[in-house]
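Take a look at the letters that make up each chain.
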Amino acid sequence: MTFSMRDLDQALQGCGQKSGIEIWRIESFKPVAVPKESHGKFFTGDSYIVLKTTASRSGSLHHDIHYWLGKDSSQDEAGSVAVMTVELDSALGGRAVQYREVQGQETEKFLSYFKPCIIPQEGGVASGFNHVKPEEHPTRLYICKGKHVVRVPFARSTLNHDDVFILDTESKIFQFSGSKSSIQERAKALEVVQYIKDTYHDGKCEIAAVEDGRMMADAEAGEFWGLFGGFAPLPKKPASSDDQTAESDGIKLLSVEKGKTEPIEAESLQKELLDTNKCYILDCGLELFVWKGRSTSIDQRKSASQAAEEFFRSSERPKLNLVSVMEGFETVMFRSKFDSWPATSTVAEPQQGRGKVAALLQRQGVNVQGLVKTSSSSSKDEPKPYIDATGNLQVWRINAEEKISLDAAEQSKFYSGDCYLFQYSYPGEDREEHLVGTWLGKQSVQEDRESAISMASKMVESMKFMPAQARIYEGKEPIQFFVIMQSFITFKGGVSDAFKKYIAENEVPDTTYDAEGVALFRVQGSGPENMQAIQIEAVSTGLNSSHCYILHGDSAVFTWCGNLTSSDDKELMERMLDLIKVPNEHTKAQKEGSECEQFWELLGGKSEYPSQKIKKDGESDPHLFSCTFSNENLKVTEIFSFTQDDLMTEDIFILDCHTEIFVWVGQQVDPKKKPQVLSIGEKFLKHDFLLENLASETPIYIVTEGNEPPFFTRFFTWDSSKSAMHGNSFQKKLAVLTNKGMPLLDKPKRRVPVYSSRSSVPDKSQPRSRSMTSSPDRARVRGRSPAFNALAANFEKLGTRNQSTPPPMVSPLVRKLYPKSHAPDLTKLAPISAAFAARTALFEKFRPTPQEAPNTPSSSEATNEAEAPKPTSETTEEESMNNINEDSKEDAEAEEDSSLPTFPYERLKTDSEDPVPDIDLARREAYMTAAEFKEKLEMTKKEFYKLPKWKQNKLKMAVQLF
């Protein structure tokens, strides 16, 4: 018996046809659709069906069906909703994965749909009692345990040192962090605080963070403890049943027939134990699986689901989760429970539309060329590089412990027996970005490989870990590498000393490329900026009807085009031909099926060769994992529905894209772990956690926080201001949550990558164009002496703000967390010595010498004329007049300074016993002699450098804020 969409309940019909989430609540054993604005709101007395539909890169739809059981829902309702999910799965094609979710024990995948959390409310419809109407705003206490948030009794005895708690009051939300809780737990809890603020307070309430150990002297801590009746020592956390893991007697496999289970005895779990005509239950102790054969009926599948519910009740494990899978669409977790699982056992998805027609015709012997588009006929199938192609490239060939720089003409010609190191610099969002990488040839020796990786790591470290680092093997190059190299040629053999020594010691034939010998090159690529010529074995079996080739030998050059190649393929071949053949050498074009005898003789004779295009691994949907690495053991946890906020600065993450992986390293990661980052990536490939047959040669990128390249950020909705923040995860999120961390108003947009060709020899005399403007030097502010203006100008960036307005008030914490905000950046301030020197020089300019003629313009006037800002095209006439008026006033002040009388330093001090009367107190230094001013300035410099570093920075800040 088959089950179609029209056989479903009317509320479920037509579901799962587009990406998104659909939810139904069970009322009187019938599904009722939940409106989108109520998604994420669950009641403890109800049961729900949640359908998640996801569109893959190929366009096919995948479904995950969850049924959620509230803690107060009935057992009959649980059995009923389990049957509904079986029917829904069958109507959707039988390929969905079904999950049983129990309140408080939900899977990570389910919780990822409702980030940051779900907080079930009391009440229910299906269980027979009404929803509980909330009071005005009761005080509620929550405990955050991982990604689960549980409401607990509002009592001081509930608190402990190990967890993070959230106290929600009418006007304020407190987060209490136990002294033993981690920074990551505290940061995640802040996301829950934000959720409560938005959900229950309409985004209008105060936020307070209270740390375990703060006494009543702290205002917020005092307010927090006052709600509990005063401070008292916290009790030790009691061991709860939720914290204890259920013991398992090992994995058990049970067959299900007519609602009854029968254990299967076997020495080891093999895939062959599963019969396609039956259903099975796999008991793993902490989790339960139901496996359904492709040939089973809908009644058999319903019976298996009911047997699983009965199994929960009889085994006294009602809180366990259940995952139900169909043969051919098993989850990674299910397959990992077996000792062996054939990689080819996955059932292929049915073809649709034109592809299905083509498959049927092909079986009947019909030529289907042109019916289905090939990858070579459309550039849309080629992945985008997401890297600017106009940067500067440097390449070195590794020769043992040394690196040999390559000329521009040789930078894209690699030997398979050698290793190479490259550095690529290209324009980024607001600075120059760099990619440092190694290319390891298939025939290269281990000595050169280790040396290349070591040199790359040292280069990245010398650049303060700002560049992204890539480890690339021949034959697994990513699109970014080919775009950087543009016209890439791989020759057989090698020229390094280590390679020559290896073939000599092992008596291996030397197949190194010889321009005078016979060589066959396969040409591939997607365009002029991405084309390759790969030298292969010069035999006819190396040909393929879907590619173009270049063959040279015996003073002859041949081109060969397969019958399935396109005009674009032939154009690429012509371009690569100019790089391989000797100039002015005659070329003989060969077409498949009409080759000359000399062509076949060079290849050792004619023989059968394939016609299908060589298929490359396609990019799959990315998966993000958090990593824990200790004692050579790697533990990973997948993060579902990931966002940029999931990247914690204290941790290491791996982004698995199948064709390449990224290892992301947070700024707060233990420095001792950073040298092990590449090993973490290699171990991830070795373990193949997703069982996707990852090759050990898969490209690995190492990316550090704050220096993420565009080909990494494309997998996220990326906000570069977040990655530029300083502090730990908790400090960052607290600053944003309390509105102390304000986003940049004029946030620079990421530069759109350019994919055009660059010149082989970059012209360094011409700076690269950037979207940056420079403001003219700001006019001196009234009321300040010229000497003080010179000092201030050296301490602050010109043109950042109007001097007539005070700087924005930013707390010290936020100033540290947001270096790109309007607050001064101490790291960019000029050295104090430069400021003193500028001040001294300018002071001496304003002090006239006896030789100066009275009618000669002073040096200060000349300086002011030279430095006066010229009105731009955008400056209005009124603004220009204002600038002229200001300049005139400042010129008058400067002229006035030059005619002021001089007095001894002791009389100009603020605490002088005989102060000078009737002087401008704001410009005391203008009344000093040049010699005395210089002497006092040198004394001030010596005293300044004796101060601690933090005091020096504080003084710099004071000068800027003055």
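Being a predicted model, the structure only gives us computed values, none of them experimental.

## Here we look at the overall build of the protein chain
Scanning the protein chain from terminus to terminus reveals 24 helices and 32 strands. Carbon and sulfur atoms form 50% of the exposed surface of the protein chain, whose accessible area is close to 50200 Å².

## Focus: the state of the cysteines
Summed over the entire model, instances satisfying the criterion amount to zero disulfides. The cysteine Cys548 is free of any disulfide, with Cys561 supplying the nearest cysteine sulfur at 3.7 Å. Judged by relative accessible area, Cys548 falls into the buried class, the value being 1%.

## Brief notes about the confidence of the model for the protein chain
Scored by pLDDT, the protein chain comes out at a mean of 79, with 73% of its residues at no less than 70. The low-confidence segment residues 243-247 (pLDDT under 50) makes six contacts with residues lying over four places distant or belonging to another chain. For the stretch residues 743-757, pLDDT sits under 50, and the model shows 35 contacts to residues farther than four places along the chain or on other chains.

## Focus: the nonpolar core
One finds Leu435, Phe481, Phe521, Ile550, Leu655 and Phe662 to be the most contacted residues of the largest nonpolar core, which totals 58 residues. Setting aside residues up to four positions removed in sequence, Phe521 forms contacts with Ile489, Thr490, Phe491, Tyr513, Ala533, Ile534, Gln535, Cys548, Tyr549, Ile550, His552 and Ile580. Counting 35 residues, the second largest nonpolar core, distinct from the first, contains Met5, Leu254, Val256 and Leu320.

## Digging into helix α13 (residues 677-687)
Among all positions in α13, only Val677, Leu678, Ile680, Gly681, Phe684 and Leu685 are buried. Looking straight down α13, one finds that the buried residues subtend no more than 160 degrees of arc, so they occupy a single side.

## Observations regarding the sheet that holds strand β23 (residues 519-527)
Across the sheet, which stays open at both edges, the seven strands sit in the order β18-β22-β24-β23-β25-β26-β27 with mixed pairing between neighbours. Both edges of this open sheet fall to β18 (413-415) and β27 (587-591), since each of them pairs with a single strand only. The average undirected angle you get between the axes of adjacent strands in this sheet is 20 degrees. Note: β18 against strand β22 (residues 487-491), three bridges, orientation parallel. Looking at the pairing, Lys413 lines up with Ile489 of β22. The strands touched by helix α11 (residues 567-580) within the sheet are β18, β22, β23, β24 (530-536), β25 (548-553), β26 (556-561) and β27, with β25 carrying the most contacts at an inclination of about 25 degrees.

## Concerning the packing of helix α3 (residues 183-200) against helix α16 (residues 729-737)
Close contact between α3 and α16 brings their axes to 8 Å; oriented N to C, the two are set at 20 degrees. Taken together, α3 and α16 sit at an angle that is classed as roughly parallel. The two elements α3 and α16 cross, and the hand of that crossing is left-handed. On α16, the residues touching Ile183, Arg186, Ala187, Leu190, Glu191, Val193, Gln194 and Lys197 of α3 are Ser729, Phe730, Lys733, Leu734 and Leu737. Among the residues forming the contact of α3 with α16, the class breakdown is seven nonpolar, two polar and four charged.

## Quick word on the side chain of Gln535
Within the secondary structure layout, Gln535 lies in strand β24. Here Gln535 falls in the buried class, since its relative accessible area comes to 10%. Within polar-contact distance, the side chain of Gln535 engages the backbone nitrogen of Lys492 at 2.8 Å. When residues no more than four places from it in sequence are discounted, the contact partners of Gln535 are Thr490, Phe491, Lys492, Tyr513, Ala519, Leu520 and Phe521.

## Some remarks on the sheet that holds strand β12 (residues 260-263)
Within the open sheet, the 10 strands sit side by side as β2-β1-β3-β4-β5-β15-β14-β13-β11-β12. Their pairing is mixed. Every other strand in the sheet has two partners, leaving β2 (30-33) and β12 as the edge strands with one partner each. Here the average twist between neighbouring strands, direction ignored, is 25 degrees. With three bridges joining them, strand β5 (residues 97-102) and strand β15 (residues 321-326) adopt antiparallel strand pairing. Bridging across to β15, Arg100 finds its partner in Leu322.

## Regarding the packing of aromatic side chains
Two numbers describe a pair of aromatic rings. These are the distance of the centres and the angle of the planes. According to the stated counting rule, one finds 52 aromatic pairs in the structure shown. Consider the rings of Phe334 and Phe338, whose centres lie 5.2 Å apart with planes at 55 degrees: the pair is tilted. In terms of burial, Phe334 and Phe338 fall into one category: buried. Three or more aromatic residues joined by ring pairs make a cluster, and in this case those are Phe642, Phe662, Tyr701, Phe711, Phe712, Phe715, Phe716 and Trp718. In this structure, Arg140 is placed above the aromatic ring of Tyr200, and the distance from its NZ or CZ to the ring centre is 4.5 Å. Positioned above the aromatic ring of Phe465 is the side chain of Lys674, whose terminal nitrogen or guanidinium carbon lies 5.4 Å from the ring centre.

## Re the pairing of strand β6 (residues 140-145)
Of all six residues in β6, five are buried; the element is thus mostly enclosed. Pairing of β6 with strand β8 (residues 164-168) involves five bridges; the strand directions are antiparallel. The residue bridging Cys144 from the neighbouring strand is Val164, located in β8. Judged from the five bridges that link them, β6 and strand β7 (residues 148-152) form a sheet pairing that is antiparallel. Looking across to β7, one finds that Leu141 is bridged to Val152. Linkage of β6 to β7, two consecutive antiparallel strands, is achieved through a turn of two residues, within which Gly146 is found at a positive phi near 65 degrees.

## As for the pairing of β5
On a regular strand, one side chain projects to one face of the sheet and the next to the other, so that they alternate. The buried count for β5 comes to six of six residues, which makes it a mostly enclosed element. Side chains Val97, Tyr99 and Glu101 project from β5 onto one buried face, and the interleaved Gln98, Arg100 and Val102 project onto a second face that is buried too. With six bridges joining them, strand β4 (residues 61-69) and β5 adopt parallel strand pairing. Bridge pairing in β5 links His66 to Tyr99.

## Observations concerning the pattern of salt bridges
Scanning the entire structure with this criterion turns up 22 salt bridges. Residue Glu309 pairs with Arg100 through a salt bridge whose shortest N-O separation is 2.8 Å. Of the two residues, Glu309 is situated in helix α5 (residues 298-314) and Arg100 in strand β5; the sequence distance between them amounts to 209 residues. Residues joined by salt bridges that share partners form a network here, namely Lys115, Lys188, Glu191, Asp646 and Lys733.

Calculation criteria
- Residues numbered from 1 in each chain as written.
- Predicted model: local features only at pLDDT ≥ 70, side-chain atom pairs only at ≥ 80, totals over all residues.
- Heavy atoms only, no water.
- Helix = DSSP H or I, 4+ residues; strand = E, 2+ residues; numbered from the N terminus.
- Areas by Shrake-Rupley, 256 points an atom, 1.4 Å probe, with all protein chains shown as cover.
- Disulfide = S-S within 2.5 Å.
- Buried < 20%, exposed > 50% of the residue type's maximum accessible area, 1.4 Å probe, protein only.
- pLDDT = per-residue confidence, 0-100.
- Contact = heavy atoms within 4.5 Å.
- Core = buried A, V, L, I, M, F, W, Y, C linked by side-chain atoms within 4.5 Å.
- Arc of directions from axis to C-beta.
- Pairing = 2+ DSSP bridges.
- Axes fitted to C-alpha atoms, helices over the stretch in contact; angles between N-to-C directions.
- Parallel < 35°, antiparallel > 145°, perpendicular 65-115°, else oblique.
- Left-handed = near helix turned anticlockwise from the far one by under 90°.
- Nonpolar A, V, L, I, M, F, W, Y, C, P; charged D, E, K, R; others polar.
- Polar contact = N/O pair within 3.5 Å; in protein donor to acceptor, adjacent residues only side chain to side chain.
- Phe/Tyr/Trp six-rings, centres within 6.5 Å; stacked < 30°, edge-to-face > 60°.
- Lys NZ or Arg CZ within 6 Å of the ring centre and 35° of its normal.
- Salt bridge = Lys/Arg side-chain N within 4 Å of Asp/Glu carboxyl O.

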